Amino acid sequence: MSTIPSPGPTAVPAPLSAGEPDAATLARSAEQTAGRLLAPAAPHRLTDVVPAPQQVHPDPTADWTLPAEAVVVASADPAALAVAEQLAQLLRPATGYPLPVTDATTPEPAGGIALVLDDSADLGAEGYRLDIATDGVRVTAATAPGLFYGVQTLRQLLPATIESPSQVTERWALPGGTITDAPRFPYRGAMLDVARHFFAVEDVLRVVDHLARYKLNHLHLHLTDDQGWRITVDSWPKLTTVGGTTEVDGGPGGHYTTADYQRIVSYAAARHITVVPEIDLPGHTNSALVAYPELAPDKIAPPPYTGTEVGFSYVDPADERTYDFIADVLGEVAALTPGPWLHIGGDEAFKVKGEVYTGFVERVQRIVADLGKTVVGWHQLAPAAHLDGRVLQWWGTNGEDPTTADAVRRGARLIVSPGNHAYLDMKYAPDTPIGHDWAGLIDVRKAYDWDPGTHVAGVPTEAVLGVEAPLWTESVTSLADIELLLLPRLPAIAELGWSPRASHDWAGFRDRLAGQGPRWTTAGITFHRAPEIPWPTAPTIPAQRNLPQTDTATP
Ligand code: ACM
C-alpha cells in the first residue's frame, strides 16, 4: 500500500534577483499574492479521507472541477442508478447544479461523473476504485455498496462547503489521482440503545447518515431492556402498550410500530447498512415482565423500572411459556428484518447461572437458527454449546477472557467492542456533560489506538468479524447528545474497521479527522471539539442564497 501525499498549493515565486526588486517584479508579485488570496481554495489532498483508503496515488496534473452542466451517468442497473441519484442529491443543494442522472451500457465521465458497475474489476464485495482525471470522475466497483463507498470518498474530497444545505458560490475542485480501496473487516457497526431512552425514527435516520459517511455497514438496535420495550410484537401487544411507556428518569418512552421499524430498515438498506435487532434475554427484561407477569419466575408483575441498575430481572427459564414467547417475538422480528443477524443479548443475567443459563442460551440459539438467522450475543454466551456461524460480541475491558477464546476455538466469530475503547457512552474527559466512566474515560486517541484484530487474547484476526461502537443511552436524551458522544469518536472506530492496519497512525488520523469538523459544522451536526484534534475554523460561505432544501431522505 502507498499513501503518497500530494504537494501543497504552489507557492508564489520569489523575485529572482537579490537586492531591490524592480517595479515590474513588485507589481507581478502583488498581483500573484492577491490572486493567491482571492483564488478559490486549492483542492483537498487525495489522502484527506476518513477512514484512510487502502491505496492512494495522487496526480497533481489531473485536478478537476465539477462543471455546472455535469451529468451523473451510471451503469444501467437499478442499484447503481440509486447510488447515482444519492450522489446527485448530495451535490445539488450546495452546488445548485441540476446534475441529471442517466444510464449507459458503458458509462464514461465525459466531463462529469460516471459510476461503473464492473464485476470483472478485482475490487471485492465492498471495494471501489475512484479515478479523478481531467475528463471527469469515474467510480468503479463490482457491487452497489462499492459504488456507495466510492461516493462517500468523493464527497469528502470536495470542499467542506459541499455540506451546505443551501447554494454556495465555490469552485468544486477535486484532487487528481486514483484511490483503490476495500475494507479490512466485513462487519463495521455502531449500536444505539433505544430502550434506556427512546429516540424518534428521524433521530435514528440521522444516526444512519453518520454511519454511512464513514462506511459503517451495520446498525445494531438495542430494542428492549428493563426500562422499555421498543418494537411492536403483534402476538404479545402489551410489550409495547404497557412495556413501552417508560424510560430512564420517568420520561414517556415510546416504541416503533412495524411501519416505523421497516422505515428504519429500508432507509439503512438504501445506504448499504444492515440493521441488527437485539432482544436482550434472559436478563434486562423488566419491561416485558411488567407487561406479562406470567413470564416472571414468581408470576408477579414487578414495578416498572426507570433507574439505571442492571442484573435484577429475568424471564423464567424453567417455564415452557417463556420459550413460546421467545419464539413468537424472535419470529416476528426476524420476519421484519432482511439482514442475517438476530442479537439475543445474554449479558448481565446475574440471576440465571451455570447450566440453567447455558441451557437457556442453547434453546434460544436453536430458535434463532430455526428462523434461518445467525445468532449474535454478548460474549457471556461463550460457555453455551457452539452453533454454526454464531457470533459473540466482546465488550470486556481487559482483552483477557479464556472462555471467549475457547468459544472462538469451537468456531464462534467475534465482533469486538471493548468497553474501554469502543463504548461511546464513556465520557471523553471528567467534565464531559453526559456519559459514564465505569470503563474509563475515552478520548479520541483512546478510541483510535487499539487493534480489533489482536485485541482479545487467544482470538486470531481471522476469527474477528469486525468492530462495533455501542452507544448506551442512560444519560443521553436528544439527538444532539447522541452526536456529541458519536462525533468525533465514531470515525475512529470506523477507521479501525475499514483501513489496513499498516495505515494506523495517530498523527495522520488526527489531522485527517480535523478536516471533518468544518463539514459537520456546515451540515449543522453537533460534535465534541476534542482538544487533541487541530480543528480548523469552519469554512466561511462566500455567497449564499436560501434555496428550498432538496429532500435527501430517500427512500
Ligand atoms: C453490556 O454493556 N452490558 C453489554
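Just so we're clear, the structure is a prediction, and the values are computed from it rather than from any experiment.

A. Structural context of the overall build of the chain. Summing up its helical and strand segments, the chain has 16 helices and 21 strands in all. The buried share of the chain, taken over its 555 residues, is 56%. Once local pairs closer than 6 in sequence are excluded, the contacts in the chain between residues at least 24 apart make up 74%. Split by element, the accessible area of the chain, about 21,000 Å² in all, is 55% carbon and sulfur.

B. Looking closely at the side chain of Arg188. Note on placement: Arg188 falls in strand 11 (residues 187-193). Judged by its relative accessible area of 0%, Arg188 is buried. Among the polar contacts listed, one links the side chain of Arg188 to the side chain of Glu126, at a separation of 2.9 Å. Discounting residues that sit within four places of it in the chain, Arg188 has contacts with Glu126, Tyr149, Pro183, Lys215, Leu216, Asn217, His218, Val467, Gly497 and Trp498.

C. Up close: the packing of aromatic side chains. All chains considered together, the criterion is met by 21 aromatic pairs. The interplanar angle of 80° and the centroid separation of 4.9 Å between the aromatic rings of Trp236 and Tyr292 together place this pair among those described as edge-to-face. One end of the pair, Trp236, is in the loop between strand 14 (228-229) and helix 5 (238-241); the other, Tyr292, is in the loop between helix 7 (286-291) and helix 8 (320-336), and 56 residues separate them in sequence. The two residues Trp236 and Tyr292 agree in class, both being buried. With a centroid separation of 6.3 Å and 10° between ring planes, the pair formed by Trp395 and Tyr423 is classed as stacked. Here Trp395 is found in the loop between strand 18 (391-394) and helix 10 (402-409), whereas its partner Tyr423 is found in the loop between helix 11 (419-422) and helix 12 (444-448), with 28 residues between them in sequence. In textbook terms, an aromatic cluster arises when at least three aromatic residues are bridged by ring pairs, as seen for Trp378, Trp395, Tyr423, Trp438 and Trp472.

D. Main features of the pairing of strand 12 (residues 218-222). Of all the 5 residues making up strand 12, 5 are buried; the element is thus mostly covered by neighbouring parts of the structure. Side chains His218, His220 and His222 of strand 12 all project onto a buried face; the interleaved residues Leu219 and Leu221 project onto the opposite face, where all are buried too. Strand direction decides the pairing type here: strand 11 and strand 12, joined by 5 bridges, are parallel. Its bridge partner lying in strand 12, Met191 is registered against His220.

E. Seen up close, the pattern of salt bridges. Applying the stated criterion to the full structure yields 24 salt bridges. Taking the shortest distance from any N to any O, the salt bridge between Arg363 and Glu320 comes out at 2.8 Å. Residue Arg363 is located in helix 9 (residues 354-370), and its partner Glu320 is located in helix 8; the two are separated by 43 residues in the primary sequence. The exposure class of Glu320 is partly exposed, given its relative accessible area of 46%. Across the pair Arg410 and Asp406 runs a salt bridge, and its minimum N-O distance is 3.3 Å. What makes Arg410 partly exposed here is its relative accessible area of 33%. What makes Asp406 partly exposed here is its relative accessible area of 33%.

F. A look at unusual backbone geometry. Put simply, Val50 and Pro51 share a cis peptide bond, and its omega is -5°. Inspection of the secondary structure assignment puts Pro51 in the loop between helix 1 (23-38) and strand 1 (55-58). Cis geometry marks the peptide bond from Leu487 to Pro488, where omega comes out at 20°. Locating Pro488 in the fold gives a position in the loop between helix 13 (479-486) and helix 14 (489-498).

G. Structural context of the packing of helix 15 (residues 506-514) against helix 16 (residues 516-523). Interhelical geometry of helix 15 versus helix 16 gives an angle of 25° and a closest axis separation of 4 Å. Relative to helix 16, helix 15 is oriented roughly parallel. Mapping the contact onto sequence places Arg512, Leu513 and Ala514 in helix 15 and Gln516, Gly517, Pro518 and Trp520 in helix 16. A per-class count over the contact of helix 15 with helix 16 returns 4 nonpolar, 2 polar and 1 charged.

H. Expanded view of helix 15. Every buried residue belonging to helix 15 is among Trp506, Phe509, Arg512, Leu513 and Ala514, and all of these are buried. Check the buried side of helix 15 and you find it contacts helix 12, helix 14 and helix 16.

I. Seen up close, the sheet that holds strand 17 (residues 374-378). Taken in spatial order, the 8 strands line up as 11-12-15-16-17-18-19-20 and close into a barrel, and their pairing is parallel. Within the sheet, the average angular offset between the axes of one strand and its neighbour, ignoring direction, is 30°. Where strand 15 (residues 274-281) and strand 16 (residues 341-345) come together, 2 bridges link them in parallel fashion. Bridge pairing in strand 16 places Leu281 opposite Gly345.

J. Quick peek at the packing of helix 4 (residues 201-213) against helix 13. Interaxial distance between helix 4 and helix 13 falls to 10 Å at its minimum, and their mutual angle equals 20°. Considering their axes alone, helix 4 and helix 13 lie roughly parallel with respect to each other. The hand of the helix 4/helix 13 crossing is right-handed. In contact with Asp203, Arg206, Val207 and His210 of helix 4, helix 13 contributes Leu479, Ile482, Glu483 and Leu486. Looking at the contact of helix 4 with helix 13 residue by residue, the classes come out as 4 nonpolar, 1 polar and 3 charged.

K. A look at the pairing of strand 19 (residues 413-416). Pairing geometry for strand 18 and strand 19, over 4 bridges, is parallel. Paired with Gln393 across the two strands is Ile415, which belongs to strand 19. For the crossover that starts at strand 18, traverses helix 10 and ends in the parallel strand 19, the hand is right-handed. Across 3 bridges, the pairing between strand 19 and strand 20 (residues 464-471) is parallel. By the bridge assignment for strand 20, Ile415 is matched with Gly466.

L. Molecular detail of the sheet that holds strand 10 (residues 177-181). With mixed pairing, the 7 strands of this open sheet are ordered in space as 1-10-6-7-5-3-4. The outermost strands of the open sheet, each flanked by one partner alone, are strand 1 and strand 4 (101-104). Direction aside, neighbouring strands of the sheet carry axes that sit 15° apart on average. Note that strand 3 (residues 72-75) and strand 4 share 4 bridges and pair parallel. Along strand 4, the bridge assignment pairs Val73 with Thr102.

Scoring rules and cut-offs
- Residues numbered from 1 in each chain as written.
- Predicted model: local features only at pLDDT ≥ 70, side-chain atom pairs only at ≥ 80, totals over all residues.
- Heavy atoms only, no water.
- Helix = DSSP H or I, 4+ residues; strand = E, 2+ residues; numbered from the N terminus.
- Buried < 20%, exposed > 50% of the residue type's maximum accessible area, 1.4 Å probe, protein only.
- Contact = heavy atoms within 4.5 Å.
- Areas by Shrake-Rupley, 256 points an atom, 1.4 Å probe, with all protein chains shown as cover.
- Polar contact = N/O pair within 3.5 Å; in protein donor to acceptor, adjacent residues only side chain to side chain.
- Phe/Tyr/Trp six-rings, centres within 6.5 Å; stacked < 30°, edge-to-face > 60°.
- Pairing = 2+ DSSP bridges.
- Salt bridge = Lys/Arg side-chain N within 4 Å of Asp/Glu carboxyl O.
- Axes fitted to C-alpha atoms, helices over the stretch in contact; angles between N-to-C directions.
- Parallel < 35°, antiparallel > 145°, perpendicular 65-115°, else oblique.
- Nonpolar A, V, L, I, M, F, W, Y, C, P; charged D, E, K, R; others polar.
- Left-handed = near helix turned anticlockwise from the far one by under 90°.
- Right-handed = clockwise from strand over helix to strand, strands pointing away.

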